[in-house]
Amino acid sequence: MKKLLKITVFFLSVMVIACGKKNNEPAHPLAGDWKLKNVESKQYLAFTDDANRPAFDIGRGNSTVMKVLSGPKPGQYYVVAKENIDMYLSTTGSIYTYIMATAFSSSDADLFTFVPISEGSDRYHIQSVANPSSYLVSCYTCYGRSSTLSIGIMDPNYWDSIWVLEKP
């Protein structure tokens, strides 16, 4: 009987300890207000709240503070302008020289992951969830030193895809 009691107490102790351990890592550690700065051009992702053409661009716009909102799965985020949280950065808005803001579509086209360029880095590649081979990219040398923003492939010879997140 003592042996059975010891085994029962042992298993209950193991279960209590196992159930007590939790993953304390937050699912969306980057959620919040940020300024997203491109490493090459040193310009910020900006939003223009134009009634006819609300858009995201690099360096051109009236708002540089973005809200990074938690997505449906850990590590997935929506990017909206703090000035107008109804307009989303989306792969469907890419026009090559800038990105049209879109209304919420409830699709993966509105979702991004922030992938550190190396472990522990504070610099990120902003990757599309809908198309993991596509990233938020900027080209400073395009169009006569005018910055260009797009959703496209990483090309270290042409497009810069590294972003720094700064607190406003």
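See the structure shown above.
Residues numbered from 1 in each chain as written. Predicted model: local features only at pLDDT ≥ 70, side-chain atom pairs only at ≥ 80, totals over all residues. Heavy atoms only, no water.

## Some words on the side chain of aspartate 110
Now for step 1: Its location among the elements puts aspartate 110 in the loop between β7 (99-100) and β8 (112-116).
Now for step 2: Despite being buried, aspartate 110 has no salt bridge partner; lysine 73 is the closest side chain of opposite charge, sitting 15 Å away.
Now for step 3: Polar side-chain contacts of aspartate 110 include one of 3.0 Å to the side chain of serine 90.
Now for step 4: The residues contacting aspartate 110, other than those within four sequence positions of it, are Tyr77, Tyr78, Leu89, Ser90, Thr102, Ala103, Phe104 and Ser105. (Helix = DSSP H or I, 4+ residues; strand = E, 2+ residues; numbered from the N terminus. Buried < 20%, exposed > 50% of the residue type's maximum accessible area, 1.4 Å probe, protein only. Lys, Arg positive; Asp, Glu negative; His and termini not counted. Salt bridge = Lys/Arg side-chain N within 4 Å of Asp/Glu carboxyl O. Polar contact = N/O pair within 3.5 Å; in protein donor to acceptor, adjacent residues only side chain to side chain. Contact = heavy atoms within 4.5 Å.)

## Let's talk about the pattern of salt bridges
Now for step 1: Considering all chains together, one arrives at five salt bridges under this definition.
Now for step 2: One salt bridge in this structure joins aspartate 33 and lysine 67, with 2.8 Å as the shortest N-O distance. One end of the pair, aspartate 33, is in strand β1 (residues 32-38); the other, lysine 67, is in strand β4 (residues 66-70), and 34 residues separate them in sequence.
Now for step 3: Its relative accessible area of 18% is what places aspartate 33 among the buried residues.
Now for step 4: Using a relative accessible area of 26% as the deciding quantity, one classes lysine 67 as partly exposed.
Now for step 5: Salt bridges sharing common partners tie together Asp33, Lys67 and Lys82.

## What to know about the nonpolar core
Now for step 1: Counting 25 residues, the largest nonpolar core has Leu45, Phe56, Phe114 and Leu136 as the members making the most contacts within it.
Now for step 2: Residue contributions to this core peak at three residues, all from strand β5 (residues 76-81).
Now for step 3: When sequence neighbours within four positions are dropped, the list of residues in contact with leucine 45 reads Leu36, Phe56, Asp57, Ile58, Ser63, Thr64, Met66, Val79, Leu136, Leu149 and Trp163. (Core = buried A, V, L, I, M, F, W, Y, C linked by side-chain atoms within 4.5 Å.)

## Here's the deal with the side chain of serine 161
Now for step 1: Secondary-structure assignment places serine 161 in the loop between β11 (148-152) and β12 (163-166).
Now for step 2: Take serine 161: its relative accessible area is 5%, and that puts it in the buried class.
Now for step 3: Here histidine 125 takes part through its side chain, which lies 3.1 Å from a polar atom of the side chain of serine 161.
Now for step 4: Sequence-distant contacts of serine 161, that is, excluding residues within four places in its chain, are made with Tyr124, His125, Ile126, Tyr135, Leu136, Val137 and Met154.

## Overview of the pairing of β8
Now for step 1: Pairing of β5 with β8, which is carried by two bridges, proceeds in the antiparallel orientation. Residue pairing for β8: tyrosine 77 is matched across the bridge by phenylalanine 112.
Now for step 2: Looking at chain direction, β8 and strand β9 (residues 123-128) are connected through five bridges and run antiparallel. Its bridge partner being in β9, valine 115 is matched across the sheet by histidine 125.
Now for step 3: The antiparallel pairing of β8 with β9 creates a hairpin that spans six residues between the two strands, and glycine 120 there sits at a positive phi of about 80°. (Pairing = 2+ DSSP bridges.)

## What to know about the sheet that holds strand β3 (residues 55-58)
Now for step 1: Taken together, the three strands give an open sheet; going across it, the order is β2-β3-β7, and neighbouring strands pair in antiparallel fashion. Since the sheet does not close on itself, it has two edges, and those belong to β2 (45-48) and β7, each with one partner.
Now for step 2: Where β2 meets β3, four bridges bridge the pair, whose relative direction is antiparallel. Bridging across to β3, leucine 45 finds its partner in isoleucine 58.

## Things to note about unusual backbone geometry
Now for step 1: The phi dihedral of lysine 42 is positive, around 60°, even though this residue is not glycine.
Now for step 2: If you trace the backbone, lysine 42 turns up in the loop between β1 and β2.
Now for step 3: A positive phi angle, close to 60°, is found at serine 106, a residue other than glycine.
Now for step 4: Following the sequence through the fold, serine 106 ends up in the loop between β7 and β8.

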